[in-house]
Amino acid sequence: MISLPATVLDELELDALTELVNIGVSRAAASLREMVGRQVLLSVPTVKLVSRSQAVELLGQSETNRLVAVHQVFEGDITGRAMLIFPEVNSLELVRAVTGGELPLEDIIELEQEALAETGNIILNGCLATIANMLKRSLKISLPEILRGEGPEFFELAPPPEAGDVVLFLYINFSVSERDIRGYIAMLMDMPSLEALKVLLREFIERTTGHSTTATDAPL
Amino acid sequence: MAYKILIVDDSKLARMAAAKALNSLRPGWERVEATNADEALALARQSSFDIALLDFNMPGRDGLSLAADLRDLDATMLVALVSANVQHEILSRAAEVGAQFLPKPVTEPALGEFLDAAEQRLKAAGR
Amino acid sequence: MRHSNPALATFVLDALDTGLIVFDGDGKVAIWNDWMTRASGVAADAALGRPLTELFPDARLSRLTAAVREAVESGASSLLTHTLHPMLLPLRTRTGRVMIADVFVRPVGEKPYSHGAVQIADVSAAAERERVLRERQNARYDAVVGSAADPILTFDATGAIQSANPSAQREFGFAAAELLGHRIEEFLDDAAPWAEAWKRVIANGAPHWPVELAVRRKDGSLSYVDATASLWMSESRAFVTGIFRDVNERRAAEADLRHLNETLEERVRERTADLERVHEQLRQSQKMEAVGQLTGGIAHDFNNLLTPIVGGLDILQRRGVGDERGQRLVDGALQSAERARVLVQRLLAFARRQPLQACAVDVEKIVVDMTELFGGTLGPAVRVVVDVASELPPAMADPNQLEMALLNLAVNARDAMPDGGTLTVSVRCADVGPGRKLAPGRYIRLAVSDTGTGMDAATLAQAVEPFFSTKGVGKGTGLGLSMIHGLTAQLGGTLEIASTLGLGTTVEMWLPVASGRAVQSADEEVVGGEGRGAGVVLLVDDEDLIRTSTAQMLSDMGYTVIEASSAKEAMSHIHSSVVDLVITDHLMAGMSGTALAREVKAKRPNMPILIISGFAEVEDLAPDLPRLMKPFRASELAAGIAQLR
């Protein structure tokens, strides 16, 4: 059953959110570069607002194999879970890139857990912190935890916090040492959080563009 | 002296933010917006721009590749690459294509500095 | 946290078995617990109010300071793992060892946060354990895979190469970095067999190993491998490890075998052709043999026919029968008969019945003598050039036959130059090495070259064949070259012909060098002059015509002739009559002349006996018996008789 969220973000709001996330992951890329020693490019080309079931479907469409996710909780004016999700096979690539590419496969498998946790931590923090900053709000963001599974279970995690019904679903592209790794970021939140986010985005848009949004942009 | 400036970014918000800043800093200048590299090149072929602000992180061709193409088209155009990804490699690649670097998000003071310097260079070049 | 005793909180911080640093909003140290003091060697007093970069100037702290800032500004928590940040801070354990630590950063206080807390956990023991375990695994792995002679690749579930052993890198010519993350299909010319097997193995089925693959090396060459692979799991992750055994040698051997088989037919064909060639040569020589025999027979008959002709004509000439014109006719007839005799001689030489009287011959002298003759025979349009090397050793040859050969070659040359040209006769000494047609040794090379019409390849091939002639009917017999060929072969040498159409021909006679000095070729002496004699001659010959003419010759010489037509008849005469001399033909029906000679010798030991033979049978005669070859002229008969005395 596909159900659209009652409160939606309009085009400009989504655009603003995308821009914020891109700034966030770009900063994270600069941060990662320090560790990796080679050029790191991160980009989020699209942001969608979907329901939990839609999110599971979207994941299932492109990924038939097992997934690994870095999970962090954010609390504040917006509350929810943020996950950086990779197909399990890609995570090894990521770890290899991040550890310099000289390690034997066995070592990489060993170190995957930690390396992935920290890398995911940097990226998610990049996203979330930037959003928080630009929206002039403070969040409390937890330490990372690694999850493995098929996909659906990521969206069925037990509370706290409340597993929201809304998912901000982002595609993220990683490029390190000429290796392109694709993954996803999913931010789960409940409706009140989404509404709060909308308000914050509006404020942000007005601040930066000088536009009063009600006048110029109509919701979808 | 009113210059013509090209703004390229796939994010509408970013373009609007840039427009707002430019309105405040250089109200008399002509502004043209493009959402991607192809559009930007087409516009640049049609008319001559003095300054270009390019978002690095764009789908399709990224800002660096666009900067190189614009340079081939008009070497006198002052190009700035805008990105939050401030890392060594991107800085040097920008320098290679003769583009300056502006960190994102672009603040008005930072943009102001860039425009001042740009104006000076254009005047010196006789534009 | 809830507490009843605020002061207790402070003690707790120092009692924790973990490092704790709290930074304020400017990144300066606000709290530094005892654990930190002990581990870093920096006392709290020294640390408070200072940024971390000042306390540890050599450490790479950008990530940590950024994390602290992020915590304060955005409330973000960060993890800095020992995996990615080995020795972030220079800390030591209680035993003085280098400490390996995980670092956690969290915001502290109410939002927006005023402080950032850094927690440092000592994971040295665990890290050490992990390290030992990994090393052991790696060692075990390296012992097998690292040093395996066969390329071994490990793939992840998507088929990307995750590991490549040194053999793989070496064999395919790529460094590890060029292989990792890539798919093996990129290096295969035909990925189909691998794709098929991959589907099976990844489903944990059993593909039909081995699969033969052609891998394109970095340098572009192909390497053939037999691949086997199997699936293994690490937790829930699937991997495939494959061994790619080099089968290039085996393939090369197979290719050789295939080639051998394919060319077997070819080689059989070649061998058969060779055999046929040999057979052909054999047939040719057999043919030559047969022809030789044939000509031998013909020559013999010819000789018999010629004898009365020559004899009769000779008598006529001696008697001066007829008028001037008649005598001229007789002369002409005699000359013709002479030539016929010479021709038969040559024929027999070709048939190899003529005994070759090989001796050491001064080739230069023969050439010089012959070339003096050439002038007349060849006509004014032909220029003769003689080129003889100095100090030539003698050649092993029959001088008469050599002269004949030279004459023959000169005539051929003349015929090839109808409009004139140059005839060159050259004589050289040459050494022949091993592996050639001729046996190794020294040879005299006698070459006759002309600037005439030359021969094409087809003609050249047939030049030495008997009866082959390009000269047309009536001119030449076609026997010359084949006879010279036979001659040189018999002497242990060879004949070489080179010719270019339109430019000329060179015929080379290679004769072995003789040991010993050249025998001076003596001019033939006509012994006996008139050959007058007296006495009774018993003439034995079963051929009436010959006997009659010979008897006539003898009586002209002054002898009294008793004729016998058989040996038996002759014996009866021996018994009954006075006989001073016996002349007998060898080849007779019944008893042969030789046998008769023995009979006579037995009876009359002192009886002079002369045996007349044709060229054909001369070898059958015992060497001690004086002989005369027919046909003969009166002078020769006289000489033959003379040698009996």
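Residues numbered from 1 in each chain as written. Chains lettered and ligands numbered in written order. Predicted model: local features only at pLDDT ≥ 70, side-chain atom pairs only at ≥ 80, totals over all residues. Heavy atoms only, no water.

### Quick word on a nonpolar patch on the surface
All names here are of chain C.
Reasoning step 1: A cluster of nonpolar residues, L8, F11, V12 and L16, forms a patch on the protein surface that exposes about 380 Å² of accessible area.
Reasoning step 2: Along the chain, the position of F11 falls in helix 1 (residues 6-15).
Reasoning step 3: The class of F11 is exposed, set by a relative accessible area of 61%. (Patch = residues over 30% accessible without salt bridge, like charges linked within 9 Å, V, L, I, M, F, W, Y side chains within 5 Å. Areas by Shrake-Rupley, 256 points an atom, 1.4 Å probe, with all protein chains shown as cover. Salt bridge = Lys/Arg side-chain N within 4 Å of Asp/Glu carboxyl O. Helix = DSSP H or I, 4+ residues; strand = E, 2+ residues; numbered from the N terminus. Buried < 20%, exposed > 50% of the residue type's maximum accessible area, 1.4 Å probe, protein only.)

### Digging into the layout of surface pockets
Reasoning step 1: Here the second largest pocket defines a volume of roughly 780 Å³.
Reasoning step 2: In this structure, the second largest pocket is lined by 27 residues; those nearest its centre are C:H82, C:T83, C:L84, C:H85 and C:P86.
Reasoning step 3: At the level of secondary structure, the elements contributing two or more residues to the lining of the second largest pocket comprise helix 1 (11-36) and helix 4 (105-134) of chain A together with helix 5 (62-74) and helix 6 (124-146) of chain C.
Reasoning step 4: Looking at the lining of the second largest pocket element by element, the count peaks at five residues for helix 6 of chain C.
Reasoning step 5: Tallied by class, the residues present in the lining of the second largest pocket amount to 13 nonpolar, five polar and nine charged. (1 Å grid on protein atoms, 1.4 Å probe; cavity = no way out; pocket = protein on both sides within 12 Å on 5 of 7 lines; lining within 4 Å. Points joined across faces, edges and corners; volume = space filled by probe spheres on them. Nonpolar A, V, L, I, M, F, W, Y, C, P; charged D, E, K, R; others polar.)

### A word on the interface of chain B and chain A
Interface size, as often reported, equals the accessible area lost upon joining of the parts.
Reasoning step 1: Each side of the interface is counted separately: chain B has 21 residues, and chain A has 27 residues.
Reasoning step 2: Taken together, both faces of the contact between chain B and chain A bury some 1900 Å²; the carbon and sulfur share is 58%.
Reasoning step 3: Taken together, chain B and chain A are joined by two salt bridges.
Reasoning step 4: Of the charged contacts in the structure, one is a salt bridge between A:E19 and B:K104, with a shortest N-O distance of 2.4 Å. (Contact = heavy atoms within 4.5 Å. Buried area = accessible area lost by both parts, 1.4 Å probe.)

### Observations concerning the pairing of strand 4 (residues 78-83) of chain B
Residues and elements named next belong to chain B.
Reasoning step 1: Summarising burial for strand 4: six of the six residues are buried, a large majority.
Reasoning step 2: Along strand 4, one buried face is formed by L78, A80 and V82 and the opposite face, lined by V79, L81 and S83, is buried too.
Reasoning step 3: Here five bridges tie strand 3 (residues 51-55) to strand 4, and the two strands are oriented parallel to one another. Bridging from a neighbouring strand, A52 pairs with V79 of strand 4. (Pairing = 2+ DSSP bridges.)

### Re the pattern of salt bridges
Reasoning step 1: Inspection of every chain in the model, using the stated rule, returns 44 salt bridges over all chains.
Reasoning step 2: One salt bridge connects B:D69 with B:R61, and the closest N-O pair in it is separated by 2.1 Å.
Reasoning step 3: One continuous salt-bridge network, built from bridges that share partners, spans C:E212, C:D226, C:R250, C:R251 and C:E254.

### Overview of the sheet that holds strand 14 (residues 421-432) of chain C
Backbone-to-backbone hydrogen bonds pair the strands of a sheet. The strands run either parallel or antiparallel.
Residue and element names in this part refer to chain C.
Reasoning step 1: If you walk across this open sheet you meet the five strands as 12-14-15-17-16, and the pairing is mixed. Only two strands of the sheet have a single neighbouring strand rather than two, namely strand 12 (382-388) and strand 16 (494-500). Direction aside, the axes of adjacent strands within the sheet are offset by 15° on average.
Reasoning step 2: Here seven bridges tie strand 16 to strand 17 (residues 504-512), and the two strands are oriented antiparallel to one another. Each residue of the ladder has a partner; that of A498, found in strand 17, is T506.
Reasoning step 3: Of the strands in this sheet, strand 12, strand 14, strand 15 (441-450) and strand 17 touch helix 13 (residues 399-416), which is tilted by about 35° from strand 15. (Axes fitted to C-alpha atoms, helices over the stretch in contact; angles between N-to-C directions.)

### Looking at the nonpolar core
Reasoning step 1: In terms of nonpolar packing, the biggest core is built from 71 residues, with A:L42, A:I123, A:L168, A:F174, A:I185, A:M189 and A:L197 touching the most fellow members.
Reasoning step 2: The residues touching A:I123, leaving out its near neighbours within four places in the chain, are A:V25, A:A28, A:L32, A:L42, A:L84, A:I172, A:F174 and A:I185.
Reasoning step 3: Counting residues in each nonpolar core, the second largest holds 33 residues, with C:A397, C:A405, C:M417 and C:V507 among its members. (Core = buried A, V, L, I, M, F, W, Y, C linked by side-chain atoms within 4.5 Å.)

### As for the packing of helix 4 of chain A against helix 6 of chain C
Reasoning step 1: At a minimum axis separation of 10 Å, helix 4 of chain A and helix 6 of chain C run at an interaxial angle of 155°. One way to sum up the angle between helix 4 of chain A and helix 6 of chain C is to call them roughly antiparallel. Between helix 4 of chain A and helix 6 of chain C lies a crossing whose hand is right-handed. Only C:R134, C:Q137, C:N138 and C:Y141 of helix 6 of chain C make contact with helix 4 of chain A, whose side of the interface consists of A:E106, A:D107, A:E110 and A:L111.
Reasoning step 2: Looking at side-chain class alone, the contact of helix 4 of chain A with helix 6 of chain C contains two nonpolar, two polar and four charged residues. (Parallel < 35°, antiparallel > 145°, perpendicular 65-115°, else oblique. Left-handed = near helix turned anticlockwise from the far one by under 90°.)

### Topic: the environment of A:S51
Reasoning step 1: Relative to the assigned elements, A:S51 resides in strand 2 (residues 47-51).
Reasoning step 2: Side-chain polar atoms of A:S51 contact the side chain of A:S53, separated by 3.2 Å. (Polar contact = N/O pair within 3.5 Å; in protein donor to acceptor, adjacent residues only side chain to side chain.)

### Section: the interface of chain A and chain C
Reasoning step 1: In this assembly, 42 residues from chain A lie in contact with 44 residues from chain C.
Reasoning step 2: Here chain A meets chain C over a buried area of about 3600 Å², counting both sides, of which 51% is carbon and sulfur.
Reasoning step 3: Across the chain A-chain C interface, the total number found is two salt bridges.
Reasoning step 4: The closest approach of N and O atoms between C:R63 and A:E118, which form a salt bridge, is 3.2 Å.
Reasoning step 5: Counting across the interface, chain A meets chain C through 16 residue pairs in polar contact (both at pLDDT 80 or more).
Reasoning step 6: Going through the elements one at a time, helix 1, strand 3 (67-76), helix 3 (88-98), helix 4 and strand 5 (139-141) of chain A are the ones with two or more residues in the side of chain A that touches chain C.

### Regarding the packing of aromatic side chains
Remark: the centre distance and the inter-plane angle together describe each pair of aromatic rings, the angle taken between the planes.
All names here are of chain C.
Reasoning step 1: Going through the model one piece at a time under the given rule, you end up with 13 aromatic pairs over all chains.
Reasoning step 2: Taking 5.3 Å as the distance between ring centres and 50° as the angle between the ring planes, the aromatic pair formed by F155 and W194 counts as tilted. With F155 in strand 6 (residues 152-156) and W194 in helix 9 (residues 192-202), this residue pair connects regions lying 39 residues apart in the sequence. The same class applies to F155 as to W194, namely buried.
Reasoning step 3: Ring geometry for W232 against F239: centres 4.7 Å apart, planes inclined by 25°, an arrangement best described as stacked.
Reasoning step 4: On the accessibility criterion, W232 (28% relative accessible area) is partly exposed.
Reasoning step 5: The ring of Y224 carries R251 above its face, with NZ or CZ at 3.4 Å from the centroid. (Phe/Tyr/Trp six-rings, centres within 6.5 Å; stacked < 30°, edge-to-face > 60°. Lys NZ or Arg CZ within 6 Å of the ring centre and 35° of its normal.)

### Regarding unusual backbone geometry
Reasoning step 1: Omega for the peptide link from B:K104 to B:P105 comes to -5°, which places this bond in the cis form.
Reasoning step 2: Relative to the assigned elements, B:P105 resides in the loop between strand 5 (99-103) and helix 5 (108-124).
Reasoning step 3: With a phi close to 55°, A:K136 is a non-glycine residue in the positive phi region.
Reasoning step 4: Inspection of the secondary structure assignment puts A:K136 in the loop between helix 4 and strand 5.

### Describing the sheet that holds strand 8 (residues 211-216) of chain C
All names here are of chain C.
Reasoning step 1: Spatial strand order, 7-6-10-9-8: five strands in an open sheet with antiparallel pairing. Sheet topology places strand 7 (161-164) and strand 8 at the edges, where each strand pairs with a single neighbour. When the angles between neighbouring strand axes are averaged without regard to direction, this sheet yields 35°.
Reasoning step 2: Pairing geometry for strand 6 and strand 7, over three bridges, is antiparallel. Residue pairing across strands places T154 opposite S163, the latter belonging to strand 7.
Reasoning step 3: Against the sheet, helix 9 engages strand 6, strand 8, strand 9 (222-234) and strand 10 (237-246), with an angle of about 125° to strand 8.

### Points about the confidence of the model for chain C
Residue and element names in this part refer to chain C.
Reasoning step 1: The pLDDT averaged across chain C works out to 83; a share of 89% of its residues lies at or above 70.
Reasoning step 2: Note that residues 520-529 has pLDDT below 50 and, in this model, six contacts with residues that lie over four places away or in other chains.
Reasoning step 3: Taken over the whole predicted complex, pTM reads 0.58, whereas the ipTM for its chain interfaces reads 0.82. (pLDDT = per-residue confidence, 0-100.)

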